[in-house]
Amino acid sequence: MIQQPGTSGLIFNEPMLWEKSRMGRCAMSLPKRDVERKPLEADLTGDEPNLPELSELDVVRHYTRLSQWNFGVDSGMYPLGSCTMKYNPKTNEVQAARQGFAGAHPLSGDEFSQGALKLMYNLEQSLAKITGFQAVTLQPAAGAHGEFCGMLMIHAYHAKKGRQRSKIIIPDTAHGTNPASASLCGYESVNIKSGPDGILEPETVSAVMDEDTAGIMVTNPNTLGLFESNIKEIAEIVHSKGGLVYGDGANMNAIMGIVKPGEIGIDVLHLNLHKTFSTPHGGGGPGSGPVAVGKTLEPFLPVPRVIKAFDTYKFITDSPDTIGRIHTFYGHFGIMVRAYAYILSMGAEGLADASKLAVLNANYVKASLKGILNLPYDKPCMHECVFNDKFQKEYHITTMDMAKRLLDYGFHPPTVYFPLVVDGAFMVEPTETESKENIDQFIQAVKSIALEAKNDPEKLKKAPHLAKLTRLDEVMAARKPCLKG
Ligand SMILES: *Cc1c(COP(=O)(O)O)cnc(C)c1O
């Protein structure tokens, strides 16, 4: 019997600080006042401020308990497909917190920022090498921002050639941010369908590619977790009509050190440092979406750019064809330190091993749950695998019911109802950092839930049973968000 992590046990109820407040209770002692006491001006504050009065222990327990209601990679498996929620080694945090990096000020000038500039330069070189491209910018703040930056470069490229185009081809397995980025650049999306085995067919692309189409955006591996193995042929078709190929590299965790996108026909690619290169993400925290380009698009890179002249590093802004600046200063520096620390500590072989393990783990999940959950595209996957609720529909159980029940077993649910090409999708990305034991626990939990779908569907429909709150009214939460607390 496999032991589940579970969620029962000590989950405290936590009242608001105001409810715990007792008049006169205090968490600290201030030195004796040596100035005259002056009441706050009434017109400034209205009433006296209603601040809770608490001991230090009250405050520490309150926030510690609230933090335990949260769930993250540090507390359990987080198999969220399309997100690469892997464990981030703590040494990266230590490096990013070093005084020299954390205290660096972007206005201190190149001559006083040599260490930071060198790190950015070296990180760009490493990412260029990993992806097989000529040059990299670290400015974009996230993946979608990287897409926007890349699409602006494609736009500038066509403008420079003297004739702007109006459309972009976007397959049904692209990430939702792709058409949004294309639209922001004024392009109209032309949606195309993948073939029966979940990947793009060259004929479909050649049927729509014309000289009014600026290019194609391809997520590879795609959002079904499948490698677009016709990418070279597709790139040739697009290039032959004067278009360019945008590669969404958010799924690079499957192919680091194995495939170089710059060598398979892609002209511009973004990476997500907060997915592949080990920066914690979620909660809207800062991210980083570097963009790599080949020779064709290099002149259009945003400024400033970091260059190395003999032994010094500096920012340059003289670049006549640049799309301009897309972030204040040079992007999110702390994320760059983490990514660089990760790349150095893993080494080339380590990065390739991480990708191989991510792929192995996803295929292990896929093979283990095949027959338990329906597998719409039954072929070897990359870093994630996509099931759906077709088998459970017979008992009126949906993907949502199963995802909610997983909470009782101590797992963050996988991605649900995405990608849109799969009805009732249940998309699992275990990542390379989960052990076989953890993955087995997850597989066992899904198997138990599938059994419950058959034997006790009513119970399953009311899940989660052990979480602090059960089913929330998600429509209400979206329509009438309570933003005041
Ligand atoms: C996450 C993701 C994005 C968007 O990246 P953000 O950093 O969230 O903006 C784009 N494409 C794919 C395939 C992704 O998985």
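Given the structure is predicted, the values throughout are model-derived calculations rather than measurements. (Residues numbered from 1 in each chain as written. Predicted model: local features only at pLDDT ≥ 70, side-chain atom pairs only at ≥ 80, totals over all residues. Heavy atoms only, no water.)

## A short note on the nonpolar core
In a soluble, globular protein the nonpolar side chains are often hidden away together inside. Grouped together as the largest cluster of nonpolar side chains are 53 residues, with contacts concentrated most on M120, L123, L127, L138, V205, I216 and F277. Taken together, the elements giving at least two residues each to this core come down to helix 6 (114-131), strand 4 (213-219), helix 10 (231-240) and helix 11 (333-369). Residue assignment places this core across two domains, with domain 1 (91-345) and domain 2 (353-479) each supplying three or more. Discounting chain neighbours no more than four positions away, the residues touching V205 are I169, I192, I216, I234, I237 and V238. (Core = buried A, V, L, I, M, F, W, Y, C linked by side-chain atoms within 4.5 Å. Buried < 20%, exposed > 50% of the residue type's maximum accessible area, 1.4 Å probe, protein only. Helix = DSSP H or I, 4+ residues; strand = E, 2+ residues; numbered from the N terminus. Domains from an automatic or database assignment. Contact = heavy atoms within 4.5 Å.)

## What to know about the layout of surface pockets
Each pocket or cavity is described by its volume, and for the second largest pocket that value is around 430 Å³. As for the second largest pocket, its lining consists of 26 residues, of which H105, P106, M120, F315 and F329 are closest to the centre. Put simply, the parts of the chain that give the lining of the second largest pocket at least two residues each are helix 5 (99-102), helix 6 and helix 11. Counting residues per element, the lining of the second largest pocket draws most heavily on helix 6, at five residues. Split by residue class, the lining of the second largest pocket holds 13 nonpolar, eleven polar and two charged. (1 Å grid on protein atoms, 1.4 Å probe; cavity = no way out; pocket = protein on both sides within 12 Å on 5 of 7 lines; lining within 4 Å. Points joined across faces, edges and corners; volume = space filled by probe spheres on them. Nonpolar A, V, L, I, M, F, W, Y, C, P; charged D, E, K, R; others polar.)

## Describing the packing of helix 11 against helix 13 (residues 436-455)
The geometry of helix 11 relative to helix 13 is characterised by a closest axis approach of 10 Å and an angle of 30° between their N-to-C directions. The orientation of helix 11 with respect to helix 13, classified from their angle, is roughly parallel. Note that helix 11 runs across helix 13; the crossing there is right-handed. The residues of helix 13 that touch helix 11, namely those facing N361, Y364, V365, S368 and L369, are K436, I439, D440, I443, V446 and K447. Grouping the amino acids of the contact of helix 11 with helix 13 by side-chain chemistry returns six nonpolar, two polar and three charged. (Axes fitted to C-alpha atoms, helices over the stretch in contact; angles between N-to-C directions. Parallel < 35°, antiparallel > 145°, perpendicular 65-115°, else oblique. Left-handed = near helix turned anticlockwise from the far one by under 90°.)

## Description of the sheet that holds strand 4
Strand order in the open sheet made by the seven strands is 1-7-6-5-4-2-3, with mixed pairing throughout. Single-partner strands in this sheet number two, and they are strand 1 (135-137) and strand 3 (188-192). When strand polarity is set aside, the average angle formed by the axes of neighbouring strands in this sheet is 25°. Two strands pair when backbone bridges link them, and strand 5 (residues 244-248) and strand 6 (residues 268-270) are joined in this way by three bridges, in the parallel orientation. Counted as the bridge partner of G247 is L269 from strand 6. Lying over the sheet, helix 7 (residues 143-161) contacts strand 1, strand 2 (167-171), strand 4, strand 5, strand 6 and strand 7 (291-293), oriented at roughly 175° with respect to strand 5. Contacting strand 4 and strand 5, helix 10 runs over the sheet at an angle of about 140° to strand 5. (Pairing = 2+ DSSP bridges.)

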